[in-house]
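Here's the letter readout for the chains.
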Amino acid sequence: MSMVVVMNEPGGPEMLAPKDISVGEPGPGEVRIRQTAIGVNYVDVYFRSGLYPVPSLPAVLGLEGAGTVEAVGSGVESLRPGDRVAYAGMPLGAYAESRVLPAGRLVKLPDVVSERVAASMMLKGLTAHVLLHKVRAVGPGDWILVHAAAGGVGQIVTRWAKRLGAKVIGTVGSEGKVPVARAAGADDVVLHSQPGWADHVVRAAEGRGVHLAIDGIGGAMLAQTLTVVRPFGIVASIGQPAGPIPPITVEGLGANRFLVRPSVIAYVNDPEFYRRGTADLLAFLQDGRPAAVGAEYQLADAAKAHADLEAGRTTGSTLLIP
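For clarity, every value in this text was computed on a predicted model and none was experimentally measured.

Enquirer: Looking at this model, I keep getting lost on helix α1 (residues 42-49). Mind explaining?
Expert: Given 3.6 residues per helical turn, the α-helix brings residues three or four places apart onto the same face. Burial of α1 is extensive: 6 of the 8 residues sit out of reach of the surface. For α1, every residue scored as buried is listed here: Val43, Asp44, Val45, Tyr46, Phe47 and Arg48. Taken together, the buried residues of α1 touch β1 (2-7), β2 (16-21), β3 (30-40), α2 (115-135), α7 (264-268) and α9 (302-310).

Enquirer: Explain the sheet that holds strand β12 (residues 210-215) to me, please; I cannot follow it from the model alone.
Expert: Within a sheet, neighbouring strands are paired by backbone hydrogen bonds and run either parallel or antiparallel to one another. Pairing in this open sheet of 6 strands is parallel, and the strands run β11-β10-β9-β12-β13-β14 from one edge to the other. Two strands close off the open sheet at either side, each with one partner strand: β11 (188-191) and β14 (257-260). This sheet shows a mean twist of 15° between the axes of neighbouring strands, independent of strand direction. Pairing analysis gives 4 bridges linking strand β9 (residues 143-146) to strand β10 (residues 167-172), with the strands arranged parallel. Across the sheet, leucine 145 pairs through a bridge with isoleucine 169, a residue of β10. Lying on the sheet, α2 is in contact with β12, β13 (229-237) and β14; it crosses β12 at an angle near 150°.

Enquirer: Even after reading the chapter, I still don't get the sheet that holds strand β4 (residues 59-60), so can you show me in this structure?
Expert: If you walk across this open sheet you meet the 3 strands as β2-β1-β4, and the pairing is antiparallel. Strands with a single pairing partner mark the edges of an open sheet, and in this sheet they are β2 and β4. With 2 bridges joining them, β1 and β4 adopt antiparallel strand pairing. Bridge pairing links valine 6 to valine 60 in β4.

Enquirer: Got a minute to help me understand the packing of aromatic side chains in this structure?
Expert: Two descriptors summarise a pair of aromatic rings, namely the distance from one centre to the other and the angle between the planes of the rings. Counting across every chain of the model gives 6 aromatic pairs. Taking 5.6 Å as the distance between ring centres and 80° as the angle between the ring planes, the aromatic pair formed by phenylalanine 47 and tyrosine 52 counts as edge-to-face. Through pairs of rings, three or more aromatic residues link up here, namely Tyr42, Tyr46, Phe47 and Tyr52. Across from the ring centre of tyrosine 274, 4.5 Å away, lies the NZ or CZ of arginine 105, which sits over that ring.

Enquirer: How should the pairing of β13 be read in this particular structure?
Expert: Here is the key point about a regular strand: its side chains alternate between the two faces of the sheet. Most of β13 sits inside the fold, with 7 of its 9 residues counted as buried. Pairing analysis gives 5 bridges linking β12 to β13, with the strands arranged parallel. Paired with alanine 213 across the two strands is valine 235, which belongs to β13. In terms of strand pairing, β13 meets β14 through 4 bridges, oriented parallel. In the sheet register, alanine 236 faces β14, and the bridge partner there is valine 260.

Enquirer: Sorry, what's going on with the pattern of salt bridges here?
Expert: A side chain of one charge can pair with a side chain of the opposite charge when the charged atoms of the two come close. For the structure shown, the criterion picks out 16 salt bridges. Taking the shortest distance from any N to any O, the salt bridge between arginine 32 and glutamate 70 comes out at 2.9 Å. Of this pair, arginine 32 sits in strand β3 while glutamate 70 sits in strand β5 (residues 64-72); the two residues are 38 residues apart in sequence, bridging distant segments of the chain. Under the relative-accessibility criterion, arginine 32 is labelled buried at 14%.

Enquirer: Is there a simple way to think about the packing of helix α3 (residues 152-163) against helix α8 (residues 271-287) in this case?
Expert: Helices that pack against each other are described as a pair by the angle of their axes relative to one another and the distance between those axes. In the contact formed by α3 and α8, the axes pass within 12 Å of each other and the chain directions differ by 85°. What the angle tells us is that α3 and α8 run roughly perpendicular. Across from Ile156, Arg159, Trp160 and Arg163 in α3, the residues of α8 making contact are Asp280, Leu281, Phe284 and Asp287. Here the residues of the contact of α3 with α8 are counted per class, giving 4 nonpolar, no polar and 4 charged.

Conventions used here
- Residues numbered from 1 in each chain as written.
- Predicted model: local features only at pLDDT ≥ 70, side-chain atom pairs only at ≥ 80, totals over all residues.
- Heavy atoms only, no water.
- Buried < 20%, exposed > 50% of the residue type's maximum accessible area, 1.4 Å probe, protein only.
- Helix = DSSP H or I, 4+ residues; strand = E, 2+ residues; numbered from the N terminus.
- Contact = heavy atoms within 4.5 Å.
- Pairing = 2+ DSSP bridges.
- Axes fitted to C-alpha atoms, helices over the stretch in contact; angles between N-to-C directions.
- Phe/Tyr/Trp six-rings, centres within 6.5 Å; stacked < 30°, edge-to-face > 60°.
- Lys NZ or Arg CZ within 6 Å of the ring centre and 35° of its normal.
- Salt bridge = Lys/Arg side-chain N within 4 Å of Asp/Glu carboxyl O.
- Parallel < 35°, antiparallel > 145°, perpendicular 65-115°, else oblique.
- Nonpolar A, V, L, I, M, F, W, Y, C, P; charged D, E, K, R; others polar.

Below, the structure written as structure tokens:
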């Protein structure tokens, strides 16, 4: 038997409850893994709340994890029992002690990358990859604005952008998170609740604004963020924990500004993008200094992890430990 955390219907964190199930043998092209760490992401909250639909109910949430291969199905030659692996992306179901996945979803971990680090960084790292390599090919001389820079995505985006030679301005929600964003490498940090934060960003970025602004806050923040990019700059909207984003007209974008809504789930579901992205991410994790895990919870306490994440009580990445 294997414990999973099940959602029987959409709603608040209290909808998540542990349950024991039987995990079968892997079929052709499949692998069964026993997980040692599971990543929690804000997109999990969107699935739990009903903002994003789940394929069916009851549902097991979660889009990233790491562990050890227990068994492989026929036709699988790239993996064998005992291999350390990690994954990100569909299908849902990471909130589990053990699970069966398509072999192509799993990547082998280098010796120097722990399962704990991999589980905390796969989906967030691939989010950073799509932002810094596909939305804009970031390089020396670029100015990047990262909202929620003390969060899991914010920290790895900051670290990776700095590795690429960019200058990073981070925003955070409280004074206590300023040192976290600076430790990740942000050149400047400002409270996004502070009046005039947008003017501060424009002045800091050579008085012209940033080349790329990454908004993982949503709500009214997106309209403000559009004002801080320089001509032909890009705003990437990647989340909305602050609430729905009010409609924006084409005219409301302003002159010579681009707005994109990249989907990391769609990105990782493309086999070629996934192959390139995970290879680059693992190279970064071997060569770089990954962000510290901000909080760990027992798998059975997934509801508390969701509550703390939604309340803004976490920094960095959040893990569930089976």
